[in-house]
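Breakdown of the fold
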Amino acid sequence: MIQTKNIDIIQENRHVDITFKNITYTVTLKDGSKKDLLRGVSGICKSGEVTAILGSSGAGKTTLLNVLSQRISNTRKNHLSGEIHANNNQYDADQFSQFASYVMQDDVLLETMTVKECLTFAANLRTSGTPLQKEEKVLEIIRSLHLEKCQNTFVGGQFIKGISGGERKRTSIGYELISDPSCIFLDEPTSGLDSFTAYRIIHLLSDFSHNKKKTVVFTIHSPSSDIWNLFDNIMLLVEGRFIYQGKGKQNILQYFSSIGFNCPKYSNPADYMMQIMHSSKQENVQNYPLYFEGYDKKLQPIVNYRISETNQGLLPLKSAKTSFFYQVMLIAKRQIKIIQRIRILSKARMAQSIILGVFLGLVFLRIPGPTDNPTIRDVNDKNGILLFFSVAIYMMQLQFCILTFPIQRAVFLREENAKFYTAGPYFVGQFIVDMIPAIVFPTITSLVSYWMIGLNDDNAGKVFFFIFIAILTSISGQAYGYLAGTAFSDVNVAVSLAPVLIKPFILFAGLLKNTGDYASWISWFQYLSPFKYSFTALCLNEYNYDGPGYPQDPVHQLDFNMSKWQAVGGLIGCFSICTFVSFLFLLIMKKRVQ
Ligand SMILES: Nc1ncnc2c1ncn2[C@@H]1O[C@H](COP(=O)(O)OP(=O)(O)OP(=O)(O)O)[C@@H](O)[C@H]1O
C-alpha cells in the first residue's frame, strides 16, 4: 500500500527547476559602508539533481540559499537585485513554502516530543488525507530516514536526554520531507556530524532527488570524497561570485586543469577545491581573477544556455488547508504535552507555589481581623501582604513565560515560515495552555496562605474573589511575559529587562504612595499598573466588612478611586492590551525574520 502511495506522489508532483540571473546582494554595514555579499551570480538547480554549494567560510553560500528561498528581500539598507524563477515563474516566500522546504542549519525541534510525535505533528498540519493515511506517511518517512530505532525517543535538549546529532538532523529533514516538497533546501545538513552519518544523510538526499525527481540544494563544508561523488551539480563560490558551476567528478577536475590548476593524483577533490578557494592564503587571493575570468569565459555561457532550456510550466503550489480551530487544537495539545513532560519545571513551580504560600502565611501569621480589635499596625501589615502577594503572583508567571518563550519563539518562527500554521492559531493555542499554570499555581498559593494570614473569610465569596484576582494577576504576568518575549529580539535582553521595567508599576500600586498624592503630570501612569488594579480589588474585598471594623477605615485611608469591579475591569484591560500588543509584535517578528 505504501509502495502505491509513493508512485502516486511522484505522478502528482511536478518537477521544479530553480533558475537565477544576475543576483546581486549588497548590505549596508553599521559604519555605513556597503558590502557585496553576492555579485551578479546566475545559475540553475535542476530537478532530479543534487546541487551542492561550496565555498570557504563567508563566501556567501547561506546568503545565496536564503535569496533563492525568498528569505531575503529588498530593504532600505540592503539591496537585492536580479531574477529568481521556478519553472520560469516568479515566486514569493509564501509560494516558496508551498512547493519547497528549507531545513535550517540549527535544528529547531521541541525537546519534549518524540521523533514520531514531531513527524506526526508535521503530517497533521502539512498533508491532506485521513488520519490513517497521515500515519502511513509518517511511517514511510521514518523508514526512509532509518529512524525506526529512535522513533519513540525524545528529541531531547536542555531538560531531557534525547536522540543523537545525526538522528536529530534526519528528524529535521523528515519534518520537511513529510509534505513531499518538490524542492528541498538545506543549510549545511552535515555540520557537526561524523563522516559516516554525514554520508548517510547526503546519500539519502541523493536517493530522494533521483528517485522522485526532486530538486535538492544544500550548502556544505569540506565533504569527504564519498560525499563529493554524490553531487550531480556543484557550485563553487568565492567572495560572492561563482568560480565553477556544473557537473562534479571528472568534469570539475578537467575544468580546473584547463585553467591551470591540477588536483594532485591521490587528493580528495573537495579538499583540493577548498584549498585553492580559501581566502586566508594570499596566493589563492592572487589567483581569484584567474578563476573569475575562466568562469566568465568558459562556464557562464553554458550556464546561460542551461537556464534558457529550463522546465517551463506551472508551479506545483499546494497547501494542505487546515482550519483555525484544528490548528489551535494541535498547538494546544502539543503545548500540554510539553508542560506535562518537563516535569522538573512543573514540580519546581508546584513547590514554589506551596513554599511561597507557607512563607507568606508564616511571616504574616494571623494578622488580627476586624473582630480582633486590630490596630493601625495590623492594617499596615495587611496592606503590605496584599501588595506583596500581587507582585509575587505576577512575577511567578512572568518568569515562567520569559524562560519558556525563547524555545517556543524559535519553533514558531520555523514552523510559521514553513506554513504549518498562521500566527493567530499559534498564539491562541499557546496562550490558552499557558493559562493552565496561571490558574493552578496562584490558586494553590492562595489556598495555602489565606487562612494562615487570617484574611477575610466572612463568606465563601470573599475567598473565591481573592483567588479570582490572583488568577487574573497571574494571567497579566503571562501577557507581559509574552510582550517582553516578542518585543525584544534578543532573548537575554528580555530576560534581564522585563523584571526591571515592571518595578515602576509597583510604585503606582496605591500603597507606597497614596493614589491621590501623585503629581498631576505623572498621575496617569497609575492606570497602566496591573498592581494598582490587583491591590485595589484585594483591599476592597478584604476591608469591606459588616461589623465593628477597623480603627480607621483603611479604604478611606488608601483613597481608592474605583470600585472592586472596576479594578477587575482594569486588570482585564491590562492583560488584554499586553496580549494584543504582543500578538502585533509576533507578527512584526515574523516579518522581520522573513
Ligand atoms: N545582513 C548582513 N549584514 C552584514 N554582513 C552580512 C550579513 N549577512 C551575511 N553577512 C556576511 O556576509 C558574508 C557571507 O555570509 P554567509 O552566511 O552567506 O557565508 P557562508 O558562505 O554561508 O559562510 P559559513 O560557511 O561560515 O556559514 C559573511 O562574511 C557574513 O558575515
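Cut-offs and rules
- Residues numbered from 1 in each chain as written.
- Predicted model: local features only at pLDDT ≥ 70, side-chain atom pairs only at ≥ 80, totals over all residues.
- UniProt positions renumbered as here; feature names shortened; annotations may be inferred.
- Helix = DSSP H or I, 4+ residues; strand = E, 2+ residues; numbered from the N terminus.
- Buried ≥ 20, exposed ≤ 12 C-beta atoms within 10 Å, placed from the backbone.
- Contact = placed C-beta atoms within 7 Å.
- Core = buried A, V, L, I, M, F, W, Y, C linked by C-beta atoms within 7 Å.
- Domains from an automatic or database assignment.
- Pairing = 2+ DSSP bridges.
- Axes fitted to C-alpha atoms, helices over the stretch in contact; angles between N-to-C directions.
- Near = placed C-beta within 6 Å.
- Nonpolar A, V, L, I, M, F, W, Y, C, P; charged D, E, K, R; others polar.
- Parallel < 35°, antiparallel > 145°, perpendicular 65-115°, else oblique.
- Left-handed = near helix turned anticlockwise from the far one by under 90°.
- Expected span 1.5 Å × (residues − 1).
- Arc of directions from axis to C-beta.

In the annotation of an unreviewed UniProt entry, the protein is listed under the name Lipid transporter family ABC domain protein and assigned to Tetrahymena thermophila. Recorded in UniProt for the protein, the comment headed Subcellular location (unreviewed entry) runs: "Membrane".

Overview of the overall build of the protein
If you tally the helices and strands in the protein, you get 21 helices and nine strands. Dimensions of the protein, computed from C-alpha atoms along their principal axes, come out at roughly 105 × 60 × 40 Å. For the protein, the proportion of its 594 residues judged to be buried stands at 42%. Excluding contacts between residues fewer than 6 apart, the proportion of contacts in the protein whose partners are at least 24 apart in sequence is 78%.

Describing the environment of Lys321
In this structure, Lys321 sits in the loop between helix H11 (282–308) and helix H12 (324–341). Measuring from C-alpha to C-alpha, the distance between Lys321 and Lys419 comes to 9.9 Å, with 98 residues separating the pair along the chain.

Let's talk about the nonpolar core
Counting residues in hydrophobic clusters, the biggest one holds 96 residues, and the most contacted among them are Cys118, Leu119, Ala122, Phe185 and Leu236. The biggest single contributor to this core is helix H4 (residues 115–126), with seven residues. Two domains share this core, each providing at least three of its residues, namely domain 1 (2–105 + 183–308) and domain 2 (342–593). In this structure Phe185 touches Leu65, Leu68, Ser69, Ala100, Tyr102, Val217 and Phe218, once residues within four positions along its chain are discounted. With 55 residues, the next largest nonpolar core counts Cys401, Phe441, Ala509 and Cys574 among its residues.

Quick word on the domain arrangement of the protein
Domain boundaries in the protein define domain 1 (2–105 + 183–308) and domain 2 (342–593). Once you take the C-alpha centre of each, domain 1 and domain 2 turn out to be 52 Å apart.

What to know about the UniProt feature "domain: ABC transporter" (unreviewed entry) in the protein
The positions that UniProt labels "domain: ABC transporter" (unreviewed entry) are, in the present scheme, residues 18–264. Across residues 18–264 one finds 35% helix and 26% strand; the C-alpha atoms that close the span lie 34 Å apart.

Side note on the UniProt feature "transmembrane region" (unreviewed entry) in the protein
Summarizing the sequence annotation, UniProt attributes the feature "transmembrane region" (unreviewed entry) to residues 344–365, 385–405, 426–451, 463–484, 491–512 and 567–588 in the numbering used throughout. Spanning residues 344–365, this segment combines 91% helix with 0% strand, and its end C-alpha atoms are found 30 Å apart. Taken end to end, residues 567–588 has its terminal C-alpha atoms 31 Å apart, with 100% of it in helix and 0% in strand.

Quick look at the sheet that holds strand S6 (residues 183–187)
In space, the six strands of this open sheet follow the order S5-S6-S7-S3-S8-S9, with mixed pairing throughout. The sheet terminates laterally at strand S5 (100–103) and strand S9 (241–246), the two strands that pair on one side only. Strand-to-strand twist across the sheet, computed as the mean angle between neighbouring axes with direction ignored, equals 15°. With five bridges joining them, S6 and strand S7 (residues 215–219) adopt parallel strand pairing. Residue pairing across strands places Phe185 opposite Val217, the latter belonging to S7.

Regarding the site of the ligand
Around the ligand, the surrounding shell holds 14 residues, and the nearest of these are Ser57, Gly58, Lys61, Thr62 and Thr63. When residues of the shell around the ligand are traced back to their parent elements, those giving at least two are strand S2 (34–45) and helix H2 (61–68). With three residues, H2 is the largest single contributor of residues to the shell around the ligand. A breakdown of the residues in the shell around the ligand according to their chemical character gives four nonpolar, eight polar and two charged.

Concerning the packing of H12 against helix H15 (residues 423–453)
Axis separation between H12 and H15 bottoms out at 8 Å; the angle between their running directions is 40°. Taken together, the axes of H12 and H15 are oblique relative to one another. Between H12 and H15 lies a crossing whose hand is right-handed. Every residue of H15 that contacts H12 at Phe324, Gln327, Val328, Ile331, Ala332, Gln335, Ile336 and Ile339 is listed here: Gly424, Pro425, Tyr426, Val428, Gly429, Gln430, Ile432 and Val433. Of the residues that constitute the contact of H12 with H15, the class distribution is 11 nonpolar, five polar and no charged.

Quick look at the packing of H4 against helix H6 (residues 165–177)
Two numbers describe how H4 lies on H6: the axes approach to 9 Å, and their chain directions differ by 20°. In terms of their interaxial angle, H4 and H6 are classed as roughly parallel. Between H4 and H6 lies a crossing of right-handed hand. Contact with H4, carried on its side by Val115, Cys118, Leu119 and Ala122, involves Thr171, Gly174 and Tyr175 of H6 and no other residues of that element. Residue composition of the contact of H4 with H6, grouped by class: five nonpolar, two polar and no charged.

Overview of unusual backbone geometry
In the Ramachandran plot, Lys213 falls in the positive-phi region, its phi being about 55° despite a non-glycine side chain. Mapping Lys213 onto the fold places it in the loop between helix H7 (195–212) and S7. Of note in the backbone geometry, Asn373 takes a positive phi value of approximately 50° without being a glycine. Using a count of 11 C-beta atoms within 10 Å as the deciding quantity, one classes Asn373 as exposed.

Quick notes on H7
Helix length check: H7 (18 residues) gives 25 Å between terminal C-alpha atoms against 26 Å at 1.5 Å per residue, within 8%. Those residues of H7 that sit buried are Ala198, Ile201, Ile202, Leu204, Leu205 and Ser209. For H7, the arc enclosing every buried residue in end-on projection is 150°, short of the 170-degree limit, so these residues lie on one face. Exposed side of H7, more than 90 degrees from the buried face: Ser195, Phe196 and Asn211 are the residues found there. Check the buried side of H7 and you find it contacts strand S3 (50–55), H6, S7 and helix H8 (225–228). Of the residues trailing H7, Lys213 is marked for its positive phi of about 55°.

Observations regarding the sheet that holds strand S1 (residues 18–28)
Strand pairing within a sheet occurs via backbone hydrogen bonds; the two strands may be parallel or antiparallel. Across the sheet, which stays open at both edges, the three strands sit in the order S2-S1-S4 with antiparallel pairing between neighbours. The outermost strands of the open sheet, each flanked by one partner alone, are S2 and strand S4 (79–86). The mean angle between the axes of side-by-side strands here comes to 10°, regardless of whether they run parallel or antiparallel. The sheet contact formed by S1 and S4 spans seven bridges and is antiparallel. Each residue of the ladder has a partner; that of Lys21, found in S4, is Glu83. Running at roughly 60° to S2, H11 makes contact with S1 and S2 of the sheet.

Looking at H6
With 13 residues, H6 should cover 18 Å at 1.5 Å per step; its first-to-last C-alpha distance of 18 Å lies within 8% of that length. The element H6 is largely enclosed, with a buried count of 11 among its 13 residues. Where H6 is concerned, the buried positions are Glu167, Arg168, Lys169, Arg170, Thr171, Ser172, Ile173, Gly174, Tyr175, Glu176 and Leu177. Residues of H6 that are buried make contact with S5, H4, helix H5 (131–144), S6 and H7.

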